[in-house]
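Overview (structure and organization)
Chain by chain, the residues:
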Amino acid sequence: MSGGALLTPGVAAIVLFVLFFGMIALRVPVAFALGLACLPIMAIEPRLSPMIVFNETFKAYNSFILLAVPFFLLTANLMNVGGITQRLLRLSRALVGHMPGGLAQCNVVLSFFFAGISGSSTADASSLGKIFIPAQVKEGYDLSFAVAITAVSSVLAVVIPPSILMIVWGGTMSVSIGALFLAGILPGLLLAGVQMATVHGYSKLRGYPTSVRSTFAELLGAIFVAIPALMTPLIIIGGKIFGWFTATESAAIAVIYAGLLSTFVYREMGLKGLHKALLDTGRFAGIALFCVGTASVFGWMLAYYQIPKALLQMVTSWGMGLITAGFFVAFAFLVVGCFLDAIPAIIIVGTILEPIILKVGMDPVQFAMIGIVALAFGLVTPPYGLCLMISCAIAKVKLTYVIKDVIIMLLPMLGVLVLTILFPQVTIFIPSLISPEFLK
Amino acid sequence: MHKFIDGYYRLLSWLLVVSVAILIIPVSLQIFSRYTALIPSYIWTEEMARFFFIWMIMLGAMIGIRDSSHFDIDLWPELSPRANAVVKLFAHTGILVLALVFVWYGVKFVQFGWNQHSELAELPMWYIFIAWPISGATWLLFLGPQVIKNLRVLANGEPQP
């Protein structure tokens with residue numbers, strides 16, 4: 001297509017990226033900067049016109065797969081207003097409350113449960129932040145530690161299935177979403193494990209408090225009330241893997257199930273709570289998904305100038321092996337994740353890197369998981385780390401105040417990222433065990 | 001004017017709530033019709049869901065301007081009120097340009113869809129396409145008071161009480 005193009009791929013890439021970064025430096029919202037960066041080229045290139053903005057945004061939004069995003073957000077919001085989060089909190093407290101830094105351990109464990117039901121890290125950060133940050137400060141934890149652990153543990157939601165990022169990845173790059181769900185389990189457990197170890201280290205060093213061990217009866221009681229809530233991940237993930245319903249439908253099932261639990265089993269949701277959950281969902285989903293549309297326009301421009309192909313030729317000459325390619329993917333997503341929301345990052349960067357990965361012969365599922373784990377870091381790395389921003393906003397502190405603790409907590413997690421790169425089994429083992437037909 | 005903008009904002013918020021709530025209906029119909037014989041399997045459920053979804057996104061994007069909740073990246077150190085107003089006005093100019101594009105070319109987009117119909121439910125496509133120019137116009141409307149506020153700060157050198 002670029003045969004009759006006025007600009008060469010190199011020039012077009014420079015114009016697009018310089019305009020984009022220039023505008024976000026001037027605090028133009030990211031979603032608008034992505035669209036605006038494309039306009040000058042559309043104006044000067046004779047074969048292009050701004051109508052592309054409309055065609056591409058329409059095509060991006062007219063997607064049954066992305067519909068899962070508001071559903072997972074709504075599930076999370078219903079869990080909060082309907083008392084499901086409270087039940088899971090009771091269970092996490094009974095499980096790990098007696099450990100050193102018990103409340104912070106609860107935070108990680110609750111994030112883990114939350115991650116298995118909702119697919120949204122931002123919903124996790126905002127709801128758990130409101131519970132744990134004030135509670136931890138009250139018990140004598142340092143504020144910067146409390147904010148950092150809330151933000152860092154919330155990223156589990158995108159790695160542990162179900163996950164919005166897996167659905168978007170599967171949808172844009174034609175990878176089986178069921179396989180991605182299964183592939184996320186082991187890295188998710190590893191991440192939660194190293195987070196708990198980090199909390200343990202902190203608590204030993206700083207003498208953070210523990211609470212009394214729950215009796216066995218208390219533990220059983222906590223498990224019993226949490227059982228209906230803990231069924232949700234089984235329904236969602238099981239339904240997807242056994243092919244009962246599609247990813248979007250499983251998200252809708254999660255909404256209905258969370259709504260029924262909140263209304264009839266835990267009986268904590270009224271009309272006011274429902275209204276709030278719906279409005280919060282619409283607000284956040286609208287903003288996040290609008291950005292997907294303009295990111296698609298930006299991605300279309302890159303594809304029009306065949307910039308991914310140019311990059312592939314450049315990179316192929318380096319002669320990368322599997323592991324080098326893995327590190328390259330991780331590095332690219334770590335850097336991009338600092339500046340961009342995860343969904344547009346997948347749409348733009350994922351599609352650029354895909355040909356390179358196919359060339360070196362990496363399994364698409366492993367590629368996806370390296371990308372998703374790396375993007376999970378992006379949720380808490382400044383300047384644009386959404387979960388960190390949310391946690392800081394709840395505690396009313398600046399990002400710089402907590403950044404040291406965040407970096408300390410991210411270092412062991414970086415080890416997990418390296419494991420997913422070095423050992424394909426970390427991601428591929430469980431899917432190959434349960435549903436090998438999903439893997440290529 | 002402020003009253004009108006407030007009322008319009010409340011209307012949009014209400015429509016947003018309805019659009020999120022309604023999304024769940026066609027998708028559940030689709031699942032239930034597959035597994036039970038109670039309701040026929042409607043072929044248009046998926047299309048219906050996608051169309052409400054598009055409206056939900058555009059409504060959320062409209063409201064986001066009034067809430068100033070579209071994500072931006074703050075790399076600046078603490079600025080004086082005046083310098084801060086200048087940066088904000090730059091950002092507003094950016095949004096303004098895209099809003100004008102959405103209005104101007106959005107009208108063409110609607111005209112282009114005027115005689116088109118959707119594949120399954122045979123809905124006129126302009127029902128959907130019109131969300132784009134409406135978004136552009138709504139952004140302009142919501143941006144107005146914010147631009148005026150920052151211009152005042154720029155002129156007086158301090159935030160208005």
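Residues numbered from 1 in each chain as written. Chains lettered and ligands numbered in written order. Predicted model: local features only at pLDDT ≥ 70, side-chain atom pairs only at ≥ 80, totals over all residues. Heavy atoms only, no water.

**Topic: the overall build of chain A**
- Across its full length, chain A holds 22 helices and 0 strands.
- Expressed as a percentage of its 440 residues, the buried residues of chain A come to 62%.
- For chain A, contacts bridging at least 24 residues in sequence account for 79% of all contacts bridging at least 6.
- Carbon and sulfur atoms form 72% of the exposed surface of chain A, whose accessible area is close to 15,700 Å².
- Distance from the positive charge centre (22 side chains) to the negative charge centre (14 side chains) of chain A: 6 Å. (Helix = DSSP H or I, 4+ residues; strand = E, 2+ residues; numbered from the N terminus. Buried < 20%, exposed > 50% of the residue type's maximum accessible area, 1.4 Å probe, protein only. Contact = heavy atoms within 4.5 Å. Areas by Shrake-Rupley, 256 points an atom, 1.4 Å probe, with all protein chains shown as cover. Lys, Arg positive; Asp, Glu negative; His and termini not counted. Charge placed at Lys NZ, Arg CZ, Asp CG, Glu CD.)

**Section: the overall build of chain B**
- A tally of regular secondary structure across chain B gives 5 helices and 0 strands.
- For chain B, the N- to C-terminal ordering of α and β elements is α-α-α-α-α.
- Taken over the C-alpha trace, chain B has a radius of gyration of 20 Å; the compact-globule value for 161 residues is 15 Å, which it surpasses by more than 25%.
- Here the C-alpha coordinates of chain B stretch approximately 70 × 35 × 30 Å along the principal axes.
- Sequence separation of 24 or more characterises 74% of the internal contacts of chain B that already satisfy a separation of 6 or more.
- Roughly 8,500 Å² of accessible area belongs to chain B as shown, and the carbon and sulfur atoms make up 66% of that amount.
- The average position of the 10 basic charges and that of the 10 acidic charges among the side chains of chain B differ by 9 Å. (Rg over C-alpha atoms; globule rule 2.2 N^0.38 Å.)

**What to know about the interface of chain B and chain A**
- Tallying the contact residues gives 56 residues for chain B and 56 residues for chain A.
- Taken together, both faces of the contact between chain B and chain A bury some 5,200 Å²; the carbon and sulfur share is 79%.
- Taken as a group, F53, F71 and I73 of chain B account for 16% of the area that chain B buries against chain A, more than any other trio of residues on that side.
- Taken together, the links from chain B to chain A amount to 2 salt bridges. (Buried area = accessible area lost by both parts, 1.4 Å probe. Salt bridge = Lys/Arg side-chain N within 4 Å of Asp/Glu carboxyl O.)

**Examining the confidence of the model for chain B**
All names here are of chain B.
- When pLDDT is averaged across chain B, the result is 88; 93% of the residues are at 70 or more.
- No element of chain B has a lower mean pLDDT than helix α1 (residues 2-35), which averages 90, and none a higher one than helix α5 (residues 131-156), which averages 94.
- If you check the scores for this complex, the pTM reads 0.88 and the ipTM reads 0.92. (pLDDT = per-residue confidence, 0-100.)

**Some points on the layout of surface pockets**
All names here are of chain A.
- When its volume is computed, the second largest pocket comes out at roughly 610 Å³.
- F17, L311, V336, V349 and I352 are, among the 23 residues lining the second largest pocket, the residues nearest its centre.
- Those elements that provide at least two residues to the lining of the second largest pocket are α1 (9-25), α16 (307-316), α17 (322-339) and α18 (342-360).
- If you tally residues by element for the lining of the second largest pocket, the top one is α17, at 6 residues.
- Of the residues belonging to the lining of the second largest pocket, the class tally is 23 nonpolar, no polar and no charged. (1 Å grid on protein atoms, 1.4 Å probe; cavity = no way out; pocket = protein on both sides within 12 Å on 5 of 7 lines; lining within 4 Å. Points joined across faces, edges and corners; volume = space filled by probe spheres on them. Nonpolar A, V, L, I, M, F, W, Y, C, P; charged D, E, K, R; others polar.)

**Observations regarding the nonpolar core**
- Membership of the largest hydrophobic core comes to 217 residues, with the highest contact counts inside it found for F32, W169, F290 and Y305 of chain A together with W132 of chain B.
- The biggest single contributor to this core is helix α15 (residues 271-304) of chain A, with 15 residues.
- Ignoring sequence-local partners within four residues, the contact set of Y305 of chain A consists of A5, L7, P9, A12, I41, E45 and L48 of chain A. (Core = buried A, V, L, I, M, F, W, Y, C linked by side-chain atoms within 4.5 Å.)

**Structural notes on the pattern of salt bridges**
- As enumerated under the stated definition, the model contains 9 salt bridges over all chains in all.
- A salt bridge links D72 of chain B to R27 of chain A, with the shortest nitrogen-to-oxygen separation between them at 3.4 Å. Of this pair, D72 of chain B sits in the loop between α2 (45-67) and α3 (81-112) while R27 of chain A sits in the loop between α1 and α2 (30-44), on two different chains.
- Of the charged contacts in the structure, one is a salt bridge between R87 of chain A and E268 of chain A, with a shortest N-O distance of 3.0 Å. With R87 of chain A in helix α5 (residues 84-96) and E268 of chain A in the loop between α14 (247-265) and α15, this pair connects stretches of sequence that are 181 residues apart.
- Looking at E268 of chain A, the relative accessible area reads 42%, which means it is partly exposed.
- Through salt bridges with shared partners, one network takes in D142, R206 and D405 of chain A.

**Notes on the packing of helix α4 (residues 68-81) of chain A against α1 of chain B**
- Between α4 of chain A and α1 of chain B, the least distance of the axes is 11 Å, while the angle of their chain directions is 115°. The angle between α4 of chain A and α1 of chain B falls in the class roughly perpendicular. For the crossing formed where α4 of chain A meets α1 of chain B, the hand is left-handed. Contacts from P70, F71 and L74 of chain A in α4 of chain A reach V20, L23, I24 and V27 of chain B in α1 of chain B.
- For the contact of α4 of chain A with α1 of chain B, the class distribution of residues is 7 nonpolar, no polar and no charged. (Axes fitted to C-alpha atoms, helices over the stretch in contact; angles between N-to-C directions. Parallel < 35°, antiparallel > 145°, perpendicular 65-115°, else oblique. Left-handed = near helix turned anticlockwise from the far one by under 90°.)

**Describing the packing of aromatic side chains**
- For the structure shown, the criterion picks out 36 aromatic pairs over all chains.
- Site record: aromatic cluster; members linked through ring pairs are F32, F54, F58, Y61 and F290 of chain A together with F102, F109, F112, F129, W132 and W139 of chain B.
- Its guanidinium or amino end placed over the ring of Y266 of chain A, R87 of chain A lies 4.2 Å from that ring's centre, counting from NZ or CZ.
- Taking the ring centre of Y9 of chain B as reference, the NZ or CZ of R66 of chain B above it sits at 5.4 Å. (Phe/Tyr/Trp six-rings, centres within 6.5 Å; stacked < 30°, edge-to-face > 60°. Lys NZ or Arg CZ within 6 Å of the ring centre and 35° of its normal.)

**A closer look at a nonpolar patch on the surface**
Residues and elements named next belong to chain A.
- Nonpolar side chains collect at one region of the surface, where L190, L322, I323, F327, L419, L422 and F423 lie side by side and expose about 550 Å² of accessible area between them.
- Broken down by element, the nonpolar patch gets its largest block of residues, 3 residues, from α17.
- Considering the arrangement of structural elements, one finds I323 in helix α17.
- A relative accessible area of 40% places I323 in the partly exposed class. (Patch = residues over 30% accessible without salt bridge, like charges linked within 9 Å, V, L, I, M, F, W, Y side chains within 5 Å.)

**Some points on the packing of helix α7 (residues 121-138) of chain A against helix α8 (residues 143-154) of chain A**
Residues and elements named next belong to chain A.
- It is the contact of α7 with α8, at a shortest axis distance of 9 Å, that shows an interaxial angle of 155°. In this view, α7 runs roughly antiparallel relative to α8, as classed from their interaxial angle. Considering the relative orientation of α7 and α8, their crossing is right-handed. Note on element contacts: α8 touches α7 through L143, F145, A146, V147, I149, T150 and S154, opposite S121, D124, A125, L128, G129, F132, I133, Q136 and V137.

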